[in-house]
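What follows is the residue order along each chain.
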Amino acid sequence: MLKLDNLTADVGEGDGRKTILNGLSLEVPAGEVHAIMGPNGAGKSTLSYVLTGRDGYEATSGTATLNGDDLLDMEPDERAAAGLFLSFQYPVEIPGVPVMTFVRAAINAQRKTRGEDEISAPDFIKKAREIGQKLNIDADMLKRPVNVGFSGGEKKRLEIFQMMMMEPRFAILDETDSGLDIDALKTVADGVNALRSEDRGMLVITHYQRLLDHIKPDRVHVLAKGRIVKSGGPELALQLEKEGYDGILGEVA
Amino acid sequence: MTTTALKNPSEAERQLAERFARQKPEVAQKAAFEAFGRTGLPHRRMEQWKWTDVRQAVPELAPVTADADTTIELPSNAVKLSFDGTAWTIPDELPAGLNIFLISGGHDFAQADALPVGALAASMTGHSGKDMLMIEVSAKVDRPLVLSYHGGDDAAFSRVVFVVREACHVDIFEHYSGGSGFSSFLTEFGLAEGASANRTLLQEASQQEVTAITTTAHLETKAAFTQSALAFGGKLCRIETHLEHKGEGAEATLNGAYLAASGYHTDFTTHVTHGAESCVTSQLTKGAVADGGRGVFQGKFLVPRTIGQFTDAEMQHQALLLENGAEIFAKPELEIYADDVECEHGNTSGQLDEDALFYMQQRGIPKPEARALLTEAFIAEALEKAHEDVRAQLVEATRRFLRNQRGG
Ligand SMILES: Nc1ncnc2c1ncn2[C@@H]1O[C@H](COP(=O)(O)OP(=O)(O)OP(=O)(O)O)[C@@H](O)[C@H]1O
Ligand SMILES: [Mg+2]
C-alpha cells in the first residue's frame, strides 16, 4: 500500500538547508497499522510533511507511492483525494470557517477531484452527528471555527473526527496521543480501531506505549537520524520503553 | 464668475464649472460650489487625499457604458427608489411613517469645507427638482428602504437627506452599480433622540469610473447608527463618512469591507467626533487587494476635552495582500483630549497564513479554493451587521470576486 524507497529530503532555505530524511525505506501493506517511534528531531514530522506535500519539505531522491501512485508528483490536495490523511502534530486554526463548513467543503473537494458526486446535506449531517457522538464532540464545537480557541485535546479529537468523516485509505497520525487525557486517549483509539480494515493502512507516530496498548500495531519502526534503524513486532515498543533510545541505538550503531 | 473660483482649472473642472453655470443656483448652492472651488477636484497634495487623487483620475468628464455586475434579490416588501444619474424614481405608495419629498432649491451643507466632493454634489443638486430627496422617517418602519444608483453618462450627482425622528427606525440598503464616468453622491443623516438607522451599502463600478460616496451623520442622545459597506472600487472610489455624536449615549458602528482587483482603487475614509459624553463607536474595516489593486483606509476618532468624556471607541483595520504587487495604504488616527476614555485601535496588513492553507490542502481543498475560503471568512466578519436580507448575497458577491482572482 504505502511504499517508501530510499527517501531523502531537505528542509530549510539557503544556508539553513539540511538533510533530514536520509535514505528512508518503509512499507506498510494494506490492512496493517505500523507505529513509528524515535527521538525528538529524528524527522518523524518531516516524513509526514514530505508525504503530504508541504512547501519546503521536498524529497530530493527516492520514491514514495500509495497503491502504486507516485505521491511526490501530486499536489497536496490531490494526495488527499488519493486517500492520504494526516492528523497534524500541531493542528492549525482556520479563523472564520466553521468545522462543519470546512469538513463538508473538504469532502466535496476530494470527491470532485475523484469525479464523484457531492455528499448530500442530510447524509453529511447524519454522519457528523454519529461520529461526533462517538468522539464526545458536542454540536456546538462543530459550529465553531476550525481549531480556534480549542484546547489541545479538543484539537486532537477534531483531527480524528475529520479522519472518520473522510475515511481515508491511508492515515498518518502524528503524535495524536499527546495532549489527550486518559479517557480521550481511549476514545480516540477506539475511533482509530473502528477504521481498521483490509484495504486501509495507518502509520502511527508516537512517543508512548500507552497509545499502542489501545491500537495494537502490526509492526513498530524506530526512526533515527532520518532513516528506519530498527523494525520489529509490538514487543519493540515495550523494549524501547524499558531501555530508551540510547540502548536501542547503541545496539544498531 | 463661477470659473474664477477655480484656479488653473483642469478640463474636468472647467466642464464642472460650465455645468454649474447653466443652473440658477441659490445662496446655499453657490456657497457649496465656492467651497468646492477652493480646492477643485481633490488631489494628492491635500493631506486627506494624498492616496486618492481625484483630479488626476478625472482629466475630463467622459461617458461610460457599464452594466451592473451584481443582481441583488430584494425582499418583496422593499420600498424601492432608484436614481438613473439624473432623476429619482419614487414608488407611489409608501408605508406609514415614511415620507419622501423631492426637493428643489438651496439647502445648506455645513461640512462643505471638509468634504469638497460632497460640496460639489450639494452645489449641483436641487436645481431640477429631481435629484435631491428628503426622506422623513416618523415610525419604526419595518419595510427596508432600497436606493439603487445606476447610470449618468459622463457625470452624476445626487443628494439625499434622511431625517429620522425621535425613537424611529429605518433599514436602508444602497446599491451603487456605476454607469457614470464621474459621480458624487451625498447622503446626510440626522438621527433624533433614540432614533436608529441600519444602513447597508454595496458599491460596484467599472475600471473607467470615479465614484465618491460621501455621508454625514449626526446622532442625538441615545441614537444608533449602523453602517456596513462592501466596496469593489473603480478607477477610483472614495467612500467617506463623517459622523458626529451630538447627544449622550449615542452609538455608532461603522463597518466596511473593500476588495480591489487589478486596476481598481478603493478608499474608505471616516471621521468620527465624540461631541458628547458616553458615546460608543465601533469600527471594523477589512480589505483584500489583488496584484495591481489599491486599498486605502483613513480613520480618525476625535475626542474633545470634557464633552468627550467616557468615550468608548474602537477602530480596527485589517487587510490582506492577496498577491505580490497589491498596495494598501492605511492611516488610523486617534486624537484624544478627554482623560477618562477607552479608545483602542489596531491596524494590520499581511498575507494569508501559509500553515492554514496547507492544512486545508491536506484535507483535499485545492489551493485557489482554500485561499478564497479563508479570504471570504476574513471579509465576512465586517459584514456581520449588514441587513439580514442582503448579508448572504454580499458574502456571495465577495466569493464570486475571490473565485475570479488568479491567486498565488
Ligand atoms: N522548516 C524547517 N526548517 C528548518 N529545520 C527544520 C524545519 N522543519 C524541521 N526542521 C528540523 O528537522 C529536524 C526534524 O524535525 P521533525 O519535526 O521532523 O522531528 P520529529 O521527529 O517530528 O520530532 P518530535 O518528536 O519532537 O516531534 C529537527 O531538527 C527540526 O528542527
Ligand atoms: Mg514531530
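Residues numbered from 1 in each chain as written. Chains lettered and ligands numbered in written order. Predicted model: local features only at pLDDT ≥ 70, side-chain atom pairs only at ≥ 80, totals over all residues. Heavy atoms only, no water.

The name given to chain B in an unreviewed UniProt entry is Fe-S cluster assembly protein SufD, with the source organism recorded as Henriciella marina.

In the annotation of an unreviewed UniProt entry, chain A is listed under the name Fe-S cluster assembly ATPase SufC and assigned to Henriciella marina.

Structural notes on the overall build of chain A
What chain A contains, in helices and strands, is nine helices and ten strands. Relative to the 2.2 N^0.38 estimate, which gives 18 Å for 253 residues, the radius of gyration of chain A is 18 Å and therefore close to what a compact globule would have. For chain A, the spread of C-alpha atoms along the principal axes amounts to about 55 × 40 × 35 Å. Counting over 253 residues, chain A shows a buried share of 51%. Across chain A, every contact between residues at least 6 apart in sequence was considered, and the portion connecting residues at least 24 apart equals 68%. As displayed, chain A has an accessible area near 11300 Å², and 46% of this comes from carbon and sulfur atoms. Taking the average location of the 30 positive side-chain charges in chain A and that of its 40 negative ones, the two points are 3 Å from each other. (Helix = DSSP H or I, 4+ residues; strand = E, 2+ residues; numbered from the N terminus. Rg over C-alpha atoms; globule rule 2.2 N^0.38 Å. Buried < 20%, exposed > 50% of the residue type's maximum accessible area, 1.4 Å probe, protein only. Contact = heavy atoms within 4.5 Å. Areas by Shrake-Rupley, 256 points an atom, 1.4 Å probe, with all protein chains shown as cover. Lys, Arg positive; Asp, Glu negative; His and termini not counted. Charge placed at Lys NZ, Arg CZ, Asp CG, Glu CD.)

A word on the UniProt feature "domain: SUF system FeS cluster assembly SufBD core" (unreviewed entry) in chain B
The UniProt record marks residues 152–378 of chain B with the feature "domain: SUF system FeS cluster assembly SufBD core" (unreviewed entry), using the residue numbering of this structure. The annotated region residues 152–378 of chain B carries 9% helix and 60% strand content, and the separation between its end C-alpha atoms amounts to 34 Å. (UniProt positions renumbered as here; feature names shortened; annotations may be inferred.)

Concerning the pairing of strand S8 (residues 180–191) of chain B
Residue and element names in this part refer to chain B. Counting buried positions over the twelve residues of S8 gives eleven, a clear majority of the element. As defined by bridge partners, strand S6 (residues 153–164) adjoins S8 across eleven bridges and the pair is classed as parallel. Within the sheet, the bridge partner assigned to arginine 159 lies in S8 and is leucine 186. Both S8 and strand S10 (residues 210–219) contribute to a ladder of ten bridges, which runs parallel. Opposite phenylalanine 185, over in S10, you have isoleucine 213 as the bridge partner. (Pairing = 2+ DSSP bridges.)

Concerning the site of ligand 1
Residues and elements named next belong to chain A. Taken together, 16 residues surround ligand 1, and among them Gly41, Lys44, Ser45, Thr46 and His207 come closest. At 2.6 Å, a side-chain N or O of threonine 46 approaches an oxygen atom of ligand 1. Here an oxygen atom of ligand 1 and a side-chain polar atom of glutamine 89 are 3.1 Å apart. Calculation on ligand 1 without its partners gives an accessible area of 640 Å², and the protein chains cover 67% of this total. Elements supplying a minimum of two residues to the shell around ligand 1: strand S2 (18–28) and helix H1 (44–52). The biggest single contributor to the shell around ligand 1 is H1, with three residues. Taken together, the residues of the shell around ligand 1 break down into five nonpolar, eight polar and three charged. (Near = heavy atom within 4 Å. Polar contact = N/O pair within 3.5 Å; in protein donor to acceptor, adjacent residues only side chain to side chain. Nonpolar A, V, L, I, M, F, W, Y, C, P; charged D, E, K, R; others polar.)

Looking at a negative patch on the surface
Together, A:Asp55, A:Glu58, A:Asp69, A:Asp70, A:Asp73, A:Glu75 and A:Glu78 line one region of the surface with negative charge. Residue position: A:Asp70 is located in strand S5 (residues 69–70). (Patch = residues over 30% accessible without salt bridge, like charges linked within 9 Å, V, L, I, M, F, W, Y side chains within 5 Å. Salt bridge = Lys/Arg side-chain N within 4 Å of Asp/Glu carboxyl O.)

Structural notes on the coordination of the magnesium ion (ligand 2)
All names here are of chain A. The protein atoms that coordinate the magnesium ion (ligand 2) are Ser45 (OG) and Gln89 (OE1), at distances of 2.0 to 2.1 Å. Note that serine 45 is positioned in helix H1 and glutamine 89 in the loop between strand S6 (84–87) and helix H3 (99–113), a separation of 44 residues in sequence. A relative accessible area of 19% means that serine 45 is categorised as buried. (Donors = N, O, S within 2.8 Å, 3.2 Å for Na, K, Ca; no water.)

Quick word on the sheet that holds strand S16 (residues 294–303) of chain B
Residues and elements named next belong to chain B. Read across the open sheet, the nine strands follow the order S3-S4-S6-S8-S10-S12-S14-S16-S18; overall the sheet is mixed. The open sheet is flanked by strand S3 (98–102) and strand S18 (327–336), the only strands paired with a single partner. Taken over all neighbouring pairs, the strand axes of this sheet differ in orientation by 10 degrees on average, direction set aside. Examined bridge by bridge, S16 and S18 share ten bridges and lie parallel to one another. The residue bridging glycine 295 from the neighbouring strand is isoleucine 328, located in S18. (Axes fitted to C-alpha atoms, helices over the stretch in contact; angles between N-to-C directions.)

Focus on the pattern of salt bridges
Residue and element names in this part refer to chain B. Applying the stated criterion across every chain, the model contains 28 salt bridges over all chains. For glutamate 18, the salt bridge identified is with arginine 14, shortest N-O distance 2.5 Å. A residue pair is termed a helical-turn pair when its members lie 3 or 4 positions apart in one helix, as glutamate 18 and arginine 14 do in helix H1 (residues 11–21) at four residues. Overall, the relative accessible area of 32% leaves arginine 14 in the partly exposed class. The residue arginine 399 makes a salt bridge to glutamate 396 at a minimum N-O spacing of 3.0 Å.

Description of the packing of aromatic side chains
Scanning the model with the defined rule gives 21 aromatic pairs over all chains in all. Ring centres of B:Phe157 and B:Phe182 lie 6.1 Å apart, and the angle between their planes is 75 degrees; on these two criteria the pair is classed as edge-to-face. One end of the pair, B:Phe157, is in strand S6; the other, B:Phe182, is in strand S8, and 25 residues separate them in sequence. Assigned by exposure class, B:Phe157 and B:Phe182 land together as buried. Taking the centre distance of 5.7 Å and the plane angle of 55 degrees together, the rings of B:Phe232 and B:Phe401 count as tilted. Here B:Phe232 is found in the loop between strand S11 (224–231) and strand S12 (236–245), whereas its partner B:Phe401 is found in helix H7 (residues 388–403), with 169 residues between them in sequence. Through a chain of ring-to-ring contacts, the aromatic side chains of A:Tyr49, A:Tyr57, A:Phe88, A:Phe102, B:Phe358 and B:Tyr359 assemble into a single cluster. The residue whose ring lies beneath B:Lys286 is B:Phe378, and the NZ or CZ to ring-centre distance is 4.1 Å. For B:Arg363, the ring lying beneath its charged end belongs to B:Tyr359, and the centroid distance is 4.5 Å. (Phe/Tyr/Trp six-rings, centres within 6.5 Å; stacked < 30°, edge-to-face > 60°. Lys NZ or Arg CZ within 6 Å of the ring centre and 35° of its normal.)

Notes on the side chain of B:His265
Residues and elements named next belong to chain B. Turning to its location among the elements, histidine 265 is positioned in strand S14 (residues 265–274). Judged by relative accessible area, which is 5%, histidine 265 ranks as buried. A distance of 3.0 Å separates the side chain of histidine 265 from the side chain of threonine 52, its partner in a polar contact. Other than its neighbours up to four places away in sequence, histidine 265 contacts Trp51, Thr52, Gly233, Gly234, Lys235, Leu236, Cys237, Arg294 and Val296.

What about the state of the cysteines?
All names here are of chain B. On inspection of all chains with the given rule, the structure shows zero disulfides over all chains. Note on cysteine 279: no disulfide assigned, nearest cysteine sulfur contributed by cysteine 343 at a separation of 12 Å. Relative accessible area serves as the criterion here: at 0%, cysteine 279 is assigned to the buried category. (Disulfide = S-S within 2.5 Å.)

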